[in-house]
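Listed below are the residues making up each chain.
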Amino acid sequence: MAVHTKVEQHFVNELAELRKADLIKEERYIRSPQGADIAVEYPPRSAVKQVINFCANNYLGLSSHPELIKAAKLALEERGFGLSSVRFICGTQDRHKDLEQKISEFLGMEDAILYSSCFDANGGVFEALLNEEDALISDELNHASIIDGIRLCKAERHRYKHADMADLEQQLKDTQAKRFRMIVTDGVFSMDGDVARLVEITALADRYNAILFVDDSHATGFVGKTGRGTHEHHNVMGKVDIITTTFGKALGGSAGGCVVGRKFFIDILRQRSRPYLFSNTLSPVVVGATIKALDLIQSSTELRDKLDRNARYFRRRISEAGFQIKDGFHPIVPIMLGEAGIVQAMARELYGEGIYVVGFFFPVVPKGAARIRVQLSAAHEMHHIDRAVEAFSKVGRKLGVVK
Ligand SMILES: *Cc1c(COP(=O)(O)O)cnc(C)c1O
């Protein structure tokens, strides 16, 4: 036997510890396509239950959109399922180049490079562009994939307090001797739904000659007047140097991500970025459907407008019901409940009422700031939202969270 009993014992104990601390993440089996109304089997092997989904990143409701399914089928027929290769050997189809052009135009940049995920994009971008002569200055609440990407890079690492412009400026001053500096931030922070202060950050990047990197995964497709993202929202298009984003959220939600930016950055990444060079190309199916998603978004703002109305409506109704939320406009709406125990009880009871939401607590968010994160979608209708507010009120009263 290759695995020693000591090894097994170690991991079995770790799992037991997690279970004791109520930190085990349970997966629920969805028996339907992703959408507003889904059929869920939970706990496993129990009866399938119809619930309303409020925890997907399906912002524009494109995950199961008929036009995307049609485009995926067409791509499957015209270009096949897989390419069995990385891009630089024989993994580049005309459609990959089409998607790169479309996403870079949409985001107002020169060029784009595709990855299997945004996690990979973030894993492959820093190391390929910077080395020990340089410094990275990163918001402390940046996504895990940014943290990992930075770990792989030899540049000096600095963190600034979340959205703290004075701290960012101090670190820019402290690193003046380095060859290049790169400011790194999420466009939208996923736990609070708050938007990076790009007006101030672009001004600081200008003043201190720093490269500005924004991961817009929770924004691309729906934030900003025409859905281009946080740079459009803050009216600083053209002032962000590098954007990474995912196709796994608003743009159909299957897989894939990209880095977009000036052409010379992208050209270097094609030569040096390890997840691009050593991992398989995106499936034509994903490429075809993602192109369709971008076409839909650019032909009309109807979906992002509907999402915006839904988010505003839910934010107003849930506040009126007495719940405390984080201010903002984003479809991520954190409902602040304080303690982990309440959050878990609340999520369980809501599930009983047919509302699928998840709770977040320490260590994912600070102690005492446990919350239920509701995510709105353009797939929701008013009746879905009304139903959720009713259920929140009922369960909230029962648990003594609201009067
Ligand atoms: C979701 C997310 C990612 C990961 O995207 P994938 O394409 O699913 O790997 C990266 N960065 C941020 C900010 C995200 O929210």
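Asker: Would you explain the overall build of the protein in this entry?
Answerer: Helix and strand counts for the protein come out as 15 helices and 14 strands. Its C-alpha radius of gyration of 22 Å places the protein within 12% of the 22 Å reference for a compact globule of 403 residues. Taking the principal axes of its C-alpha atoms as reference, the protein extends roughly 60 × 60 × 55 Å. Burial statistics for the protein: of 403 residues in total, 52% are counted as buried. Here the contacts in the protein between residues at least 6 apart in sequence split such that 69% fall between residues at least 24 apart. Total accessible area computed for the protein in this model is approximately 19100 Å², and 52% of it derives from carbon and sulfur atoms. Averaging the locations of the 53 positively and 52 negatively charged side chains of the protein gives two centres separated by 3 Å.

Asker: It is not clear to me how the site of the ligand should be interpreted in this structure. Could you clarify?
Answerer: Cys-118, Phe-119, Asp-215, Thr-246 and Lys-249 are the nearest of the 13 residues found near the ligand. At 3.4 Å from a nitrogen atom of the ligand is found a side-chain nitrogen or oxygen belonging to His-143. Within the contact set of the ligand, an oxygen atom lies 2.6 Å away from a side-chain nitrogen or oxygen of Thr-246. A total of 380 Å² of accessible area belongs to the ligand in isolation, and the protein chains cover 83% of it.

Asker: How should the sheet that holds strand β8 (residues 211–215) be read in this particular structure?
Answerer: Neighbouring strands of a sheet are bound in pairs by backbone hydrogen bonds; such pairs are parallel or else antiparallel. Spatial ordering of the open sheet is given by β4-β10-β9-β8-β7-β5-β6, a layout of seven strands whose pairing is mixed. Both edges of this open sheet fall to β4 (111–115) and β6 (156–160), since each of them pairs with a single strand only. Averaged over all adjacent pairs, the angle separating strand axes in this sheet is 20°, with direction ignored. Taken together, the five bridges between strand β5 (residues 135–139) and β6 define a ladder with parallel strand orientation. Looking at β6, one finds that Ala-135 is bridged to Glu-156. Here helix α4 (residues 94–106) sits on the sheet in contact with β4 and β10 (257–261), set at roughly 125° to β4.

Asker: Sorry if this is basic, but what is going on with the sheet that holds strand β11 (residues 332–338) here?
Answerer: Reading across from one edge, β11-β14-β13 is the order of the three strands in this open sheet, with antiparallel pairing throughout. With partners counted over all chains shown, the strands left at the sheet margins are β11 and β13 (358–360), one partner each. Strand after strand, the sheet turns through a mean of 30° between neighbouring axes, direction not considered. Relative to strand β14 (residues 370–375), β11 runs antiparallel, the two sharing six bridges. Its bridge partner being in β14, Ile-335 is matched across the sheet by Ile-372. Strand contacts of helix α13 (residues 302–320): β11 and β14, with the helix running at about 20° to β11, the strand carrying the most contacts.

Asker: What should I look at first to understand the environment of Pro-363 in this one?
Answerer: Following the sequence through the fold, Pro-363 ends up in the loop between β13 and β14. As for Pro-363 and Leu-23, which are separated by 340 residues in sequence, their C-alpha atoms are 9.8 Å apart.

Asker: Could you clarify how one ought to interpret the packing of helix α2 (residues 66–79) against helix α12 (residues 284–299) in this entry?
Answerer: When two helices pack together, their arrangement is captured by the angle between the axes and the distance separating the axes. Packing of α2 against α12 leaves a shortest axis separation of 8 Å and a crossing angle of 140°. As far as their axial angle goes, α12 and α2 are oblique. The crossing of α2 and α12 is right-handed. In contact with Glu-67, Leu-68, Ala-71, Ala-72, Ala-75, Leu-76 and Arg-79 of α2, α12 contributes Pro-284, Val-285, Gly-288, Ala-289, Lys-292, Ala-293 and Leu-296. Residue composition of the contact of α2 with α12, grouped by class: 10 nonpolar, one polar and three charged.

Asker: Help me out: how do you make sense of the nonpolar core in this one?
Answerer: Generally speaking, nonpolar side chains in soluble globular proteins are found buried as a group. If you look at the biggest cluster of nonpolar residues, it comprises 80 residues, and the most contacted ones within it are Ile-372 and Val-374. Counting residues in each nonpolar core, the second largest holds 24 residues, with Ala-128, Leu-136, Ile-242 and Leu-269 among its members.

Asker: Could you clarify how one ought to interpret the pairing of strand β7 (residues 181–186) in this entry?
Answerer: The side chains of a regular strand alternate between both faces of the sheet. Judged by how many residues are buried, β7 sits mostly within the fold: six of six residues are covered. Side chains Arg-181, Ile-183 and Thr-185 of β7 all project onto a buried face; the interleaved residues Met-182, Val-184 and Asp-186 project onto the opposite face, where all are buried too. The pairing of β5 with β7 spans four bridges and is classified as parallel. Pairing of Ile-137 across the sheet is with Ile-183, part of β7. Here β7 runs beside β8; their pairing, made up of five bridges, is parallel. Along β8, the bridge assignment pairs Asp-186 with Asp-215. Crossover β7 to β8 through helix α8 (residues 198–207) is right-handed.

Thresholds applied
Think of each chain on its own: its residues are numbered from 1, step by step along the sequence as written. Since the coordinates come from a predicted model, pLDDT governs what is reported: local features require at least 70, and pairs of side-chain atoms require 80 or more to be given and counted, while whole-chain, interface and lining totals use all residues. Note that water and hydrogens are dropped before the side-chain values are worked out from all heavy atoms of the structure. Helix and strand labels come from DSSP, where a helix needs a run of H or I of at least four residues and a strand needs a run of E of at least two; each type is numbered from the N terminus. Our radius of gyration looks at C-alpha atoms and nothing else; its globule reference is 2.2 Å times the residue count to the power 0.38. Relative accessibility thresholds used throughout: buried, under 20% of the residue-type maximum; exposed, over 50%; partly exposed, between the two (1.4 Å probe, protein chains only). Throughout, a residue-residue contact means that at least one pair of heavy atoms, one from each residue, lies within 4.5 Å. Accessible surface area values rest on a Shrake-Rupley calculation with a 1.4 Å probe, where residue burial reflects the displayed protein chains alone. None of His or the chain ends enter the tally, which takes Lys and Arg as positive and Asp and Glu as negative. Charged groups are reduced to one reference atom each: NZ for lysine, CZ for arginine, CG for aspartic acid, CD for glutamic acid. When we say a residue is near a molecule or strand, we mean one of its heavy atoms is within 4 Å of it. Between N or O atoms, a polar contact is any pair within 3.5 Å; within protein, one atom must be a potential hydrogen donor and the other a potential acceptor, and residues adjacent in sequence are included only when both atoms are from side chains. Paired strands, in this sense, are two strands between which DSSP finds at least two bridges. Between the N-to-C directions of two axes lies an angle of 0 to 180 degrees, each axis being a line fitted to C-alpha atoms and, for a helix, fitted only over the stretch in contact. When describing relative orientation, an angle under 35 degrees is termed roughly parallel and one over 145 degrees roughly antiparallel, while 65 to 115 degrees is termed roughly perpendicular and anything else oblique. Each crossing gets its handedness from the near helix: less than a right angle anticlockwise from the far helix is left-handed, clockwise is right-handed. Polar here means any residue outside two lists: the nonpolar Ala, Val, Leu, Ile, Met, Phe, Trp, Tyr, Cys and Pro, and the charged Asp, Glu, Lys and Arg; Gly therefore counts as polar. Only buried Ala, Val, Leu, Ile, Met, Phe, Trp, Tyr and Cys residues count toward a nonpolar core, and they belong to the same one when joined by side-chain atoms within 4.5 Å. Looking down the strands as they point away from the viewer, one classifies a crossover as right-handed if the path from the first strand across the helix to the second runs clockwise.

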